[in-house]
Amino acid sequence: MVWRRGRLILSEESRQETTSERTARGRTHGAFRCLNCFERIVPPEKAESYKCPKCGFEWRVSWPSPTIPRIRGPVWETNRRLTDEIMAKEKGQGK
Ligand SMILES: [Zn+2]
């Protein structure tokens, strides 16, 4: 029983590895979408945070797999400053 269960877990793990390896070879390798402008961005491997090159918003990054980054949340310091700048600009233009 224990042996069978071990085999099951192993095959599950190797299947997941195959999937992430396939992802790594694909075009979406290491990419996620910026939550502000939806641009597909590629942070450097194991980066803890990454600034979107398109809109400048900065995101905290977690790595559920070595090749798959996921946004953990915004870097408030950067994003609040940017939001303030955008708001100020829009106010100025509106007048
Ligand atoms: Zn962006």
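Residues numbered from 1 in each chain as written. Predicted model: local features only at pLDDT ≥ 70, side-chain atom pairs only at ≥ 80, totals over all residues.

Could you clarify how one ought to interpret the confidence of the model for the chain in this entry?
Any residue range with low pLDDT should be treated as having predicted coordinates unsuitable for detailed reading. Averaged over every residue, the pLDDT of the chain is 80; the share at 70 or more is 68%. By mean pLDDT, helix α1 (residues 2-25) is the weakest element of the chain at 52, and strand β3 (residues 49-51) is the strongest at 97. (pLDDT = per-residue confidence, 0-100. Helix = DSSP H or I, 4+ residues; strand = E, 2+ residues; numbered from the N terminus.)

Even after reading the chapter, I still don't get the sheet that holds strand β4 (residues 58-65), so can you show me in this structure?
In a beta sheet, neighbouring strands pair by backbone hydrogen bonds and run either parallel or antiparallel. Here three strands make up an open sheet; going across it, the order is β3-β4-β5 and the pairing antiparallel. Edge positions in the open sheet fall to β3 and β5 (68-74), since each of these has one partner strand only. Averaged over all pairs of adjacent strands, the angle between strand axes in this sheet comes to 45°, irrespective of strand direction. Pairing analysis gives three bridges linking β3 to β4, with the strands arranged antiparallel. (Pairing = 2+ DSSP bridges. Axes fitted to C-alpha atoms, helices over the stretch in contact; angles between N-to-C directions.)

Which parts of the structure should I look at to understand the pairing of β4?
Adjacent in sequence and paired antiparallel, β3 and β4 are bridged by six residues, among which Gly56 carries a positive phi angle near 85°. Pairing geometry for β4 and β5, over five bridges, is antiparallel. The residue of β5 that forms the bridge with Trp59 is Pro74. Linking two consecutive strands that pair antiparallel, namely β4 and β5, is a turn of two residues.

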